[in-house]
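# Architecture at a glance
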Amino acid sequence: MNMFLSESSTNQNNIGVLAIVGMGGVEKTKLAQLAHNDENVHKHFDLTSRACVSEDFDVLRVTKAFLESVTKTPWETDNIELLRVELKKNLRDKRFFFVLDDLWNDKYSDWDELVSLLISGKTGSSVIITTCHRKVVDDVLPTFGRLRVLSLSRYRNITTLPETIGNLLQLRYLNLTDTEITRLSDTICNLYYLQTLILSCCSKLT
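Computed from a predicted structure; not experimentally measured.

This part covers the overall build of the protein. Tallying secondary structure elements over the protein gives seven helices and seven strands in all. Listing every helix and strand of the protein by position from the N terminus yields α-β-α-α-β-α-α-β-α-β-α-β-β-β. The buried share among the 206 residues of the protein stands at 46%. Nonlocal contacts in the protein, meaning residues at least 24 apart in sequence, comprise 63% of its contacts between residues at least 6 apart. Of the roughly 10100 Å² that the protein leaves accessible, carbon and sulfur atoms contribute 47%.

This part covers the packing of helix α4 (residues 59-71) against helix α5 (residues 80-91). Packed helices, taken two at a time, are described by their axes: the angle between them and the distance between them. Running from N to C, α4 and α5 cross one another at 40°; their axes reach a closest spacing of 10 Å. Considering the angle they form, α4 stands oblique to α5. Here α4 runs over α5; the crossing is left-handed. Touching V59, L60, T63, K64, F66, L67, V70 and T71 of α4 are I80, L83, R84, E86, L87 and N90, all from α5. A per-class count over the contact of α4 with α5 returns eight nonpolar, three polar and three charged.

Okay, the confidence of the model for the protein next. Caution is warranted with low-pLDDT regions, since their predicted coordinates should not be read in detail. When pLDDT is averaged along the protein, the result is 79, and 78% of the positions lie at 70 or above. Counted against residues more than four places away or in other chains, residues 8-12, with its pLDDT under 50, gives nine contacts.

With that settled, the discussion passes to the nonpolar core. Ranked by internal contacts, the top residues of the largest apolar core, which has 38 residues, are F96, F98, L100, V127 and L150. Contributing elements (two or more residues each) for this core: β1 (15-21), β2 (47-54), α4, α5, β3 (96-103), α6 (108-118), β4 (125-131) and β5 (147-151). Counting 10 residues, the second largest nonpolar core, distinct from the first, contains L18, I20, A32 and I128.

Another aspect to go through is the pairing of β1. The element β1 is extensively covered by neighbouring structure, given that seven of its seven residues are classed as buried. Where burial is concerned, the two faces of β1 agree: the one with I15, V17, A19 and V21 and the one with G16, L18 and I20 are both buried. Across seven bridges, the pairing between β1 and β4 is parallel. The partner of I20 across the bridge, within β4, is T130.

One pass over the full model with this rule turns up three aromatic pairs. Ring geometry for F66 and F98: centres 4.2 Å apart, planes at 10°, overall stacked. With F66 in helix α4 and F98 in strand β3, this pair connects stretches of sequence that are 32 residues apart. In this structure F66 comes out as buried when scored by relative accessible area, which is 1%.

Next up on the list: the side chain of T179. Relative to the assigned elements, T179 resides in the loop between β6 (173-175) and β7 (196-198). A polar contact is formed between the side chain of T179 and the backbone oxygen of L176, at a distance of 2.9 Å. Setting aside chain neighbours within four positions, we find T179 in contact with L152, S153, R154, Y155, I158, C201 and C202.

What counts, and at which threshold
- Residues numbered from 1 in each chain as written.
- Predicted model: local features only at pLDDT ≥ 70, side-chain atom pairs only at ≥ 80, totals over all residues.
- Heavy atoms only, no water.
- Helix = DSSP H or I, 4+ residues; strand = E, 2+ residues; numbered from the N terminus.
- Buried < 20%, exposed > 50% of the residue type's maximum accessible area, 1.4 Å probe, protein only.
- Contact = heavy atoms within 4.5 Å.
- Areas by Shrake-Rupley, 256 points an atom, 1.4 Å probe, with all protein chains shown as cover.
- Axes fitted to C-alpha atoms, helices over the stretch in contact; angles between N-to-C directions.
- Parallel < 35°, antiparallel > 145°, perpendicular 65-115°, else oblique.
- Left-handed = near helix turned anticlockwise from the far one by under 90°.
- Nonpolar A, V, L, I, M, F, W, Y, C, P; charged D, E, K, R; others polar.
- pLDDT = per-residue confidence, 0-100.
- Core = buried A, V, L, I, M, F, W, Y, C linked by side-chain atoms within 4.5 Å.
- Pairing = 2+ DSSP bridges.
- Phe/Tyr/Trp six-rings, centres within 6.5 Å; stacked < 30°, edge-to-face > 60°.
- Polar contact = N/O pair within 3.5 Å; in protein donor to acceptor, adjacent residues only side chain to side chain.

Written out as structure tokens, the structure reads:
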């Protein structure tokens, strides 16, 4: 969290993304809630909001949830285009902090539609994603070229990192503590800005 608060005012990227990945029951949601409710977050960001995504990723529902949160007004319409326009208008020139909790969907098209709304925000805006779905790590997260922090600690289903990890050119922190990972992808060498790589208790790493 200190990373978002300290770097957001000078970072040239529009959105910083923190992914919290792990099995069910490791309190990913609780951690995201603590960040969302932090007093310093509310002081630093113009807008804060949280949406629970779950298996049924509905862009309309998530868009409406964010819009109702930032405007403090209920929106009865299901006109997605109207909701998109209003959300983009309300995010324009605002530094926001959003949480996408319990993400399962790995379809790039759905992500592309949602991210296109968020890029209207002010430089330094931040998004936290929580997920227990390996496909999100493999396919969706690498599309976030601005991802700076990624923790896969204690996620035992991971044995290798996808080759696309090398696409996260802005990644600065990678935590693989206590995972079943057996090797590191060669593309990790592309992560020129990586400052911290934690490999504690990776007993199968060769």
